[in-house]
Amino acid sequence: QVQLVESGGGSVQAGGSLRLSCAVSGYTGSINSMGWFRQAPGKEREGVSAIYTGVGSTYYVDSVTGRFTISQDNAKNTMYLRMNRLKPEDTAMYYCAAATRWGGIWDELIYDYWGQGTQVTVSS
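Quick look at the structure, then.

1. Details of the overall build of the protein
Summing up its helical and strand segments, the protein has zero helices and eleven strands in all. By the compact-globule yardstick of 14 Å for 124 residues, the protein fits well, its C-alpha radius of gyration being 13 Å. Along the three orthogonal principal directions, the C-alpha set of the protein runs to about 40 × 30 × 25 Å. Per-residue burial for the protein yields a buried fraction of 43% across its 124 residues. A fraction of 56% describes how many contacts in the protein between residues 6 or more apart in sequence connect residues 24 or more apart. A total accessible area of about 6,200 Å² is found for the protein, and carbon and sulfur atoms account for 48% of it. Distance between charge centroids for the protein: 8 Å, based on 10 positive and 10 negative side chains.

2. Some details on the packing of aromatic side chains
Counted according to the given criterion, the structure contains five aromatic pairs. Seen in terms of ring centroids, F37 and W114 are 5.0 Å apart; in terms of plane orientation they differ by 50 degrees. Their pairing is tilted. Of this pair, F37 sits in strand 4 (residues 33–39) while W114 sits in strand 10 (residues 111–114), and the two are 77 residues apart along the sequence. With 6.3 Å between their ring centres and 65 degrees between their planes, Y111 and W114 make a pair best called edge-to-face. In this structure an aromatic cluster arises from ring pairing among F37, Y111 and W114. The ring of W114 has R45 lying over it, and the distance from NZ or CZ to the ring centre is 3.9 Å.

3. Side note on the state of the cysteines
Applying the stated criterion across every chain yields a total of one disulfide. The residue that forms a disulfide with C22 is C96, at a sulfur-sulfur distance of 2.1 Å. A torsion of 60 degrees about the S-S bond marks the disulfide between C22 and C96 as right-handed. Separated by 74 residues along the polypeptide, C22 in strand 3 (residues 18–26) and C96 in strand 9 (residues 92–99) bring together distant segments of the chain. Taking relative accessible area as the criterion, C22 reaches 0% and is therefore assigned buried. The class of C96 is buried, set by a relative accessible area of 0%.

Rules used in this analysis
Residues numbered from 1 in each chain as written. Predicted model: local features only at pLDDT ≥ 70, side-chain atom pairs only at ≥ 80, totals over all residues. Heavy atoms only, no water. Helix = DSSP H or I, 4+ residues; strand = E, 2+ residues; numbered from the N terminus. Rg over C-alpha atoms; globule rule 2.2 N^0.38 Å. Buried < 20%, exposed > 50% of the residue type's maximum accessible area, 1.4 Å probe, protein only. Contact = heavy atoms within 4.5 Å. Areas by Shrake-Rupley, 256 points an atom, 1.4 Å probe, with all protein chains shown as cover. Lys, Arg positive; Asp, Glu negative; His and termini not counted. Charge placed at Lys NZ, Arg CZ, Asp CG, Glu CD. Phe/Tyr/Trp six-rings, centres within 6.5 Å; stacked < 30°, edge-to-face > 60°. Lys NZ or Arg CZ within 6 Å of the ring centre and 35° of its normal. Disulfide = S-S within 2.5 Å.

Quick look at the structure:
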């Protein structure tokens, strides 16, 4: 079993920065990939960034490329999402997720475990 807890959300003005954290516990050795997803009110949940944990390969959706950085600290069992130059359209509930199955990095079906979410609000 894997447990995920997000933190670091908050309110920020456009152009500001936040760093989200995802604390991972349980059988972390079973995790093949982890990702950050977000869902804005009235919209579908979408993938934001993902990482293959074993080799550190990272992926980003076009809208955040160059602004967001995903990383992992294995010693602390924590995954991070550094968000720079935030825009109002980044406003959403952000979730971290962990996958034990192999599959498409953006396929939500491979992600077995999800955190409770942390709210990010960006004002103009």
